[in-house]
Amino acid sequence: MNPHIKELMNSFESSTKNRRQRYNDFLAHVYLVFDKNISLCKTDKEMNKYKKMRNGVLSYIVANEKAIRSEICK
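Small disclaimer: the values here were computed from a predicted structure and weren't measured. (Residues numbered from 1 in each chain as written. Predicted model: local features only at pLDDT ≥ 70, side-chain atom pairs only at ≥ 80, totals over all residues. Heavy atoms only, no water.)

*Asks:* Residues and numbers for the packing of aromatic side chains, please.
*Replies:* Within this structure, the stated rule accounts for 1 aromatic pair. One Lys or Arg, Arg69, reaches over the ring of Tyr23 and ends 5.7 Å from the middle of that ring. (Phe/Tyr/Trp six-rings, centres within 6.5 Å; stacked < 30°, edge-to-face > 60°. Lys NZ or Arg CZ within 6 Å of the ring centre and 35° of its normal.)

Put into structure tokens, the structure is as follows:
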């Protein structure tokens, strides 16, 4: 699994027990973490780097929903 996703899973905490809601919370967590990094960037080059990373990570998470769900619901 992608090291960025492993790191995001380690920083993710959710109080809900519902698997679908937990997955949605994780997607929101990923988006907000990258959004924070983007807002802290000073140059457009850095912003674009984080935007591409965010889109790639979110695409991977959506494509591998079952595997991600099982990892975050352990």
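Continuing now.
*Asks:* Account for the nonpolar core, naming residues and giving values.
*Replies:* Counting residues in each nonpolar core, the largest one holds 14 residues, and the members touching the most others are Phe26, Val30, Val57, Ile61 and Ile68. At the level of secondary structure, the elements contributing two or more residues to this core comprise helix 1 (3-11), helix 2 (19-40), helix 3 (44-63) and helix 4 (65-72). A per-element tally of this core places helix 2 first, with 5 residues. With sequence-adjacent residues up to four places away left out, Ile61 is seen in contact with Ile5, Tyr23, Phe26, Leu27, Val30 and Ile68. (Core = buried A, V, L, I, M, F, W, Y, C linked by side-chain atoms within 4.5 Å. Buried < 20%, exposed > 50% of the residue type's maximum accessible area, 1.4 Å probe, protein only. Helix = DSSP H or I, 4+ residues; strand = E, 2+ residues; numbered from the N terminus. Contact = heavy atoms within 4.5 Å.)

*Asks:* Mind laying out the packing of helix 1 against helix 3, listing which residues take part and the relevant values?
*Replies:* Look at helix 1 against helix 3: their axes get within 10 Å of each other, and the N-to-C directions meet at 80 degrees. Accordingly, the angle class assigned to the pair helix 1 and helix 3 is roughly perpendicular. Of helix 3, the residues touching helix 1 (which contributes His4, Ile5 and Leu8) are Met53, Val57, Tyr60 and Ile61. Across the contact of helix 1 with helix 3, the residue classes tally to 6 nonpolar, 1 polar and no charged. (Axes fitted to C-alpha atoms, helices over the stretch in contact; angles between N-to-C directions. Parallel < 35°, antiparallel > 145°, perpendicular 65-115°, else oblique. Nonpolar A, V, L, I, M, F, W, Y, C, P; charged D, E, K, R; others polar.)

*Asks:* Summarise helix 1; cite the residues concerned and give the values.
*Replies:* Burial in helix 1 covers these residues: Ile5, Leu8 and Met9. The buried residues of helix 1 occupy one face: seen down the axis, they fall within an arc of 100 degrees. Exposed residues lying more than 90 degrees from the buried face of helix 1 are Pro3, Glu7 and Asn10. The elements touched by buried residues of helix 1 are helix 2, helix 3 and helix 4. (Arc of directions from axis to C-beta.)

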